[in-house]
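# Analysis of the macromolecular model
So the chains spell out like this:
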Amino acid sequence: MENMVKNICEAHQKEYGEIPKTVISTPGRIHIMGEHSCWFFRDKTLSLALNMNVYVALSPREDNSLKFFFVQLNERRKSDISNIKQKKEDRWANSLKAIIQAYLAMGFKLGGMNFTIYTETPPSAGFGINSAVKVGCALAIKKAFRLNCPDARLLQVLEMAARSFLKVDNLMADNFVALYSEPGSFILTDYSKQSYENIPFDFGGYKILLTDANVPRQKIWDEETVREMQNALLLGDLKDRKRGVLGGWVYNTNPTAMNEELSVVSEDMRRKLLYIIYEHGCILDAVDGIKKGKFTKFARAVNRSHTLLRENYNVSCPEIDWIIKRVGELEPNLQDIREPVTCGRIVGKGFGRCVYAFVRNGDVETYKKNLSGYARIFGFEPVTFEVKSAKGAHSVRVN
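This section reports on the structure supplied with the text.

As a further point, take the overall build of the protein. The secondary structure content of the protein amounts to twelve helices and 14 strands. Taking 399 residues into account, the globule formula puts the C-alpha radius of gyration at 21 Å, and the protein, at 22 Å, falls close to it. Seen through its C-alpha atoms, the protein measures out along the principal axes to roughly 65 × 50 × 40 Å. Evaluated residue by residue, the protein yields a buried proportion of 54% over its 399 residues. For the protein, contacts bridging at least 24 residues in sequence account for 72% of all contacts bridging at least 6. Element-wise, carbon and sulfur atoms account for 47% of the exposed surface of the protein, whose accessible area totals about 18,200 Å². Between the centroid of the 56 positive side chains of the protein and the centroid of its 46 negative side chains there is a distance of 4 Å.

This is how it looks when you write it as structure tokens:
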């Protein structure tokens, strides 16, 4: 991290002739499960902040100009605080401009600013990099201008920036992970309570690996079709309150009850809604496994979640499934995997993203070796790298 801070400070000084007043480090992230429409049904998302950090450096200006510099892209953008406009060609800079617009719309007084963005993970890779840019920008402005902006208002700034200016969804889980994650912990977002919980884990002897399948990113169906009020009402009727259960409720998974409730939708929609129902159970099982230190229970939930995504929600592809099969081959007894020692799942939006895997230390090289046939079969070269859990957004010292 020290090298990153040094690099962004040097880049900022070279670009603007001054050291930044503040630098904010914000982690990347993956959603372990519960990211697909669970927010719409007021459910839960289990996530993990990663050490794929984004650094946002800021120094105030004496005029009203806004200047933005992205080191790795070697791109520069500019605007004026009195006339901020979203431009399609500005892409990454629009996220920063939206945060500034949101602060101004909420009555905060700001001046001109110089920004520098530094990250070794490009926004196009996913992994929450765009969210990290927005959160880092919001905190850098708050610190540099000493704004009286408690967390509740900061979350409102992020909400307004996303929905009012960028015209995109503002997912609570994305903000909670970026802001509040603790190292060595998963973070659980409960949309029904608008709350989060850090859940420490100790999976000693395991590495967390990300494998980018490097297949073209595309959608095979519009996920918005699931997000209809009729579907929310149908699933709401299947919710049963239950004491002693995380969140206080479970879905009624009695086949007769589910078939009767979901008989009014098409077969395709029925399968997708069944995924939402069963994914809830996967999250409960995964969290229970984490809290009790039972990796096998956590692993079963992860593996089942991927199967549900492939078979019910129609989110996967042959390349991803081939990689997942290589993860499964690390099991010492393939004839009986009721107590798995490894697990993996597709991660990222849409079709053809990445796989995360929890792999025993001694199996890492075997896993990488098993991927050697991927390029020959599919024509793409996979990239695998190790990641670690990370701390939420925080200020780093500027020397």
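Okay, back to it.
Ordered by their spatial adjacency, four strands build an open sheet running β11-β12-β8-β13, and the pairing between neighbours is antiparallel. A single partner strand is all that each edge strand has here, and the edge strands are β11 (343–347) and β13 (383–387). Going across the sheet, the axis of each strand differs from the next one's by a mean of 25°, ignoring polarity. The pairing of strand β8 (residues 206–212) with strand β12 (residues 354–360) spans seven bridges and is classified as antiparallel. Across the sheet, the residue bridging to Y206 is R360, located in β12. In this fold helix α10 (residues 318–328) packs onto β8, β11 and β12, with an angle of close to 165° to the strand it touches most, β11.

Take the nonpolar core next. Residues I32, F186, F298 and F358 are the most contacted members of the largest nonpolar core, which totals 72 residues. Per element, the largest residue contribution to this core is eleven residues, and it comes from helix α8 (residues 267–292). Aside from chain neighbours lying at most four places away, what touches F298 is I32, F186, F203, A286, G289, I290, C343 and F358. Core analysis: the second largest hydrophobic core is formed by 47 residues, V56, F108, M113 and F176 among them.

Burial analysis of β8 places five of its seven residues in the buried class, which makes it a mostly covered element. Sheet analysis places β8 next to β13, joined by five bridges and oriented antiparallel. Its bridge partner lying in β13, L209 is registered against E386.

Calculation rules
Residues numbered from 1 in each chain as written. Predicted model: local features only at pLDDT ≥ 70, side-chain atom pairs only at ≥ 80, totals over all residues. Heavy atoms only, no water. Helix = DSSP H or I, 4+ residues; strand = E, 2+ residues; numbered from the N terminus. Rg over C-alpha atoms; globule rule 2.2 N^0.38 Å. Buried < 20%, exposed > 50% of the residue type's maximum accessible area, 1.4 Å probe, protein only. Contact = heavy atoms within 4.5 Å. Areas by Shrake-Rupley, 256 points an atom, 1.4 Å probe, with all protein chains shown as cover. Lys, Arg positive; Asp, Glu negative; His and termini not counted. Charge placed at Lys NZ, Arg CZ, Asp CG, Glu CD. Pairing = 2+ DSSP bridges. Axes fitted to C-alpha atoms, helices over the stretch in contact; angles between N-to-C directions. Core = buried A, V, L, I, M, F, W, Y, C linked by side-chain atoms within 4.5 Å.

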